[in-house]
Amino acid sequence: MSLTVQEERLVLEVERWEQTFFEHDPTDFEMMYQKWVNVSLDQMAKEKRSKVLETIDNFLFHLHAMIQNSRFHEEARERILEQAKVFDAEIEDVHDIRQLSIEKLNFMAKQQMAKQRLLSLGQGGVAGMGGIVLLGIDLPAMIAMNMRAIQLIALSYGYDVKRPSEMMIALKVFHVASLPKDLQGGAWDALWNEVQTADNDEWFYTGNEEIADISWIQQPLRQLVKAMVIMLLRKKLIQGVPLIGMAFGATMNYQFSRQVTEVAQRFYQKRLLLERN
């Protein structure tokens, strides 16, 4: 099956995105921070490190499963199907959505991306109020919201995350998107090697089922730094409201959500185009 002119243009656009998005020139502060993190992680005992990674994997897997089996996800799934049927009345299942033109798929995906980014903005603003409880649930809430965003983007391109193989791929996409910037390029290439060598028709995922690695632990560490900054900013009140802390929390969560949704969209765009070609 040959690609349309619009699809060929999108292939070039994705290639240009890959060349620019994963380029990163770290600052002196980032290099110093990275060195400190690496030294700290290297001091962790190997057995303890494995236990921590196993715990993170289990948390991510069960959280992902809980989200996709929730009533909210089912309702969102039905809304995406209904929207796709407006474009083509013969669509009956999620897999059939792939029959739509790439322009329509992009339109559906961008709607989901905009909604999830707005939710992240609001959630970050609430966390920025600086309460202990709000800061405590900020990390799991942020992870859950962005996992859901990836699930909805996958559905918008016709990939049903209820299939165990698709669920694992969505988790791997989240892992790539949430890594430190200088590590994303290598993880992106590794994910594509897995996806292209695995049998996509299999019900179960045939690649490496480990999700988190020692580098991903930097994500919770960044959250800890963010929480400390918010705690300091909560004392700076404007008419009795910690607006600066709320703005900081909202900005941080929005930027993270923007990064995750952008990586997810490009992944599923590229995957669909490769399958069509």
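What counts and what doesn't
Residues numbered from 1 in each chain as written. Predicted model: local features only at pLDDT ≥ 70, side-chain atom pairs only at ≥ 80, totals over all residues. Heavy atoms only, no water. Core = buried A, V, L, I, M, F, W, Y, C linked by side-chain atoms within 4.5 Å. Buried < 20%, exposed > 50% of the residue type's maximum accessible area, 1.4 Å probe, protein only. Helix = DSSP H or I, 4+ residues; strand = E, 2+ residues; numbered from the N terminus. Contact = heavy atoms within 4.5 Å. Patch = residues over 30% accessible without salt bridge, like charges linked within 9 Å, V, L, I, M, F, W, Y side chains within 5 Å. Areas by Shrake-Rupley, 256 points an atom, 1.4 Å probe, with all protein chains shown as cover. Salt bridge = Lys/Arg side-chain N within 4 Å of Asp/Glu carboxyl O. Expected span 1.5 Å × (residues − 1). Polar contact = N/O pair within 3.5 Å; in protein donor to acceptor, adjacent residues only side chain to side chain. pLDDT = per-residue confidence, 0-100. Axes fitted to C-alpha atoms, helices over the stretch in contact; angles between N-to-C directions. Left-handed = near helix turned anticlockwise from the far one by under 90°. Nonpolar A, V, L, I, M, F, W, Y, C, P; charged D, E, K, R; others polar. Phe/Tyr/Trp six-rings, centres within 6.5 Å; stacked < 30°, edge-to-face > 60°. Lys NZ or Arg CZ within 6 Å of the ring centre and 35° of its normal.

## What to know about the nonpolar core
Alright, step 1. Membership of the largest hydrophobic core comes to 62 residues, with the highest contact counts inside it found for L60, I97, Y157, F267 and Y268.
Alright, step 2. Contributions of two or more residues to this core are made by α1 (5-21), α3 (46-68), α4 (71-87), α5 (102-127), α6 (132-156), α7 (164-178), α8 (181-197) and α10 (243-276).
Alright, step 3. Counting residues per element, this core draws most heavily on α6, which supplies 9 residues.
Alright, step 4. Those residues within four positions of Y157 in sequence are excluded, and the remaining contacts are I97, R98, I102, L105, N106, A109, Q265, Y268, Q269 and L272.

## Quick word on a nonpolar patch on the surface
Alright, step 1. A cluster of nonpolar residues, I238, V241, L243 and I244, forms a patch on the protein surface that exposes about 290 Å² of accessible area.
Alright, step 2. The residue I244 is located in helix α10 in this model.
Alright, step 3. A relative accessible area of 37% means that I244 is categorised as partly exposed.

## With respect to α7
Alright, step 1. Under the 1.5 Å per step criterion, the end-to-end length of α7 is 21 Å for 15 residues, consistent within 8% with the ideal 21 Å.
Alright, step 2. Here α7 lies mainly inside the structure; 14 of its 15 residues are buried.

## As for the side chain of Q265
Alright, step 1. Assignment of secondary structure puts Q265 in helix α10.
Alright, step 2. The exposure class of Q265 is buried, given its relative accessible area of 7%.
Alright, step 3. There is a polar contact of 3.4 Å between the side chain of Q265 and the side chain of Y157.

## Section: the confidence of the model for the protein chain
Alright, step 1. Looking at the protein chain as a whole, its pLDDT mean stands at 86, while 92% of the residues score no less than 70.
Alright, step 2. Model confidence for the protein chain, summarised as mean pLDDT per element, is weakest for helix α2 (residues 28-42) at 70 and strongest for α5 at 94.

## Some remarks on the packing of α8 against α10
Alright, step 1. The geometry of α8 relative to α10 is characterised by a closest axis approach of 13 Å and an angle of 35° between their N-to-C directions. Judged by the sense of rotation from one axis to the other, the crossing of α8 with α10 is right-handed. On α10, the residues touching Q184, W188, L191, W192, V195 and Q196 of α8 are Q259, V263, R266, F267, K270, R271 and L274.
Alright, step 2. In the contact of α8 with α10, the residues fall into 7 nonpolar, 3 polar and 3 charged.

## So, the packing of aromatic side chains
Alright, step 1. Tallied over the full model, the rule gives 11 aromatic pairs.
Alright, step 2. On the numbers, 5.4 Å between centres and 65° between planes, the contact of W17 with W188 is edge-to-face. Here the residue W17 occupies a position in helix α1, and W188 occupies one in helix α8, the gap between them amounting to 171 residues.
Alright, step 3. Residue W17 is classed as buried on the basis of its relative accessible area, which comes to 7%.
Alright, step 4. Here the aromatic rings of W192 and F267 are separated by 4.8 Å at their centres, their planes lie at 35°, and the arrangement is tilted. You can see W192 sitting in helix α8 and its partner F267 sitting in helix α10, a full 75 residues away along the chain.
Alright, step 5. Taking the relative accessible area as the measure of exposure, F267 reaches 0% and is therefore buried.
Alright, step 6. A connected cluster of aromatic rings, assembled from ring pairs, spans W17, F21, F22, Y159, W188, W192, F267 and Y268.
Alright, step 7. If you follow R71 out to its NZ or CZ, it ends over the ring of F72, 4.8 Å from the centre.
Alright, step 8. Across from the ring centre of F21, 3.3 Å away, lies the NZ or CZ of K181, which sits over that ring.

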